[in-house]
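# A closer look at the structure
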Amino acid sequence: MNTGEQVVAAAQAGDPAALMAIRVVGAWLGYGVASMVNVLSPSVVVIGGGVARIGALYFDSVRAAFRAQVYPPLVETPILPAALRNHEGVIGAGLLARQI
């Protein structure tokens, strides 16, 4: 497996190593998100890009690690996939160009 897409495909097919890789990467993101939430206390965390398309396997790992590391009053902070999938940058650039 050489690409993230291949790892995701293998995980979806049940490959144990690929499943573990996605869980580990999700956990590391969850720890990072917890640190950010502990400092900034946002009302919601939105994760976009290619990882947002992985789905529950990834987000379950992110949320579990987040809950283990975040301050208890912030544990209910929602972590959501971006609604625009991978188009946020293009839409943002278009909106910025419109203002110019």
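Everything below is about the structure shown above.
Residues numbered from 1 in each chain as written. Predicted model: local features only at pLDDT ≥ 70, side-chain atom pairs only at ≥ 80, totals over all residues. Heavy atoms only, no water.

### A few points about the side chain of Thr77
With respect to the helices and strands, Thr77 occurs in the loop between helix H3 (56-69) and strand S2 (79-81). Excluding anything up to four places from it in sequence, Thr77 contacts Val37, Pro42, Ser43, Val44, Val45 and Phe66. (Helix = DSSP H or I, 4+ residues; strand = E, 2+ residues; numbered from the N terminus. Contact = heavy atoms within 4.5 Å.)

### A closer look at helix H1 (residues 4-12)
Considered for burial, the residues of H1 that qualify are Val8, Ala10 and Ala11. Relative to the axis of H1, the buried residues are bounded by an arc of 165 degrees and lie together on one face. Exposed residues on H1 whose side chains face more than 90 degrees from its buried face are Glu5 and Gln12. The secondary structure elements touched by the buried residues of H1 are helix H2 (16-40) and H3. At the exit of H1 stands Gly14, carrying a positive phi of roughly 95 degrees. (Buried < 20%, exposed > 50% of the residue type's maximum accessible area, 1.4 Å probe, protein only. Arc of directions from axis to C-beta.)

### Remarks on H3
The end-to-end C-alpha distance of H3 is 20 Å, a good match for the 20 Å that 14 residues give at a rise of 1.5 Å each. For H3, every residue scored as buried is listed here: Tyr58, Phe59, Ser61, Val62, Ala65 and Phe66. The arc that holds the buried residues of H3, viewed along the axis, is 160 degrees, so those residues lie on one side. Exposed positions of H3 whose direction lies more than 90 degrees from the buried face are Ala56 and Ala68. (Expected span 1.5 Å × (residues − 1).)

### As for the nonpolar core
With 20 residues, the main nonpolar core has Val37, Phe66 and Ile79 as its most contacted residues. Sorting the residues of this core by element identifies H1, H2, strand S1 (45-47) and H3 as the ones contributing at least two each. Here the element with the most residues in this core is H2; it accounts for six residues. Every residue in contact with Val37, bar those within four places of it in the chain, is listed here: Pro42, Val45, Phe66, Val70, Leu74 and Thr77. (Core = buried A, V, L, I, M, F, W, Y, C linked by side-chain atoms within 4.5 Å.)

### Some remarks on the packing of aromatic side chains
A full pass over the atoms with the stated rule returns two aromatic pairs. Ring centres 6.0 Å apart and planes at 90 degrees place the aromatic pair Tyr58 and Phe59 in the edge-to-face group. Each member of the pair, Tyr58 as well as Phe59, carries the same accessibility label: buried. (Phe/Tyr/Trp six-rings, centres within 6.5 Å; stacked < 30°, edge-to-face > 60°.)

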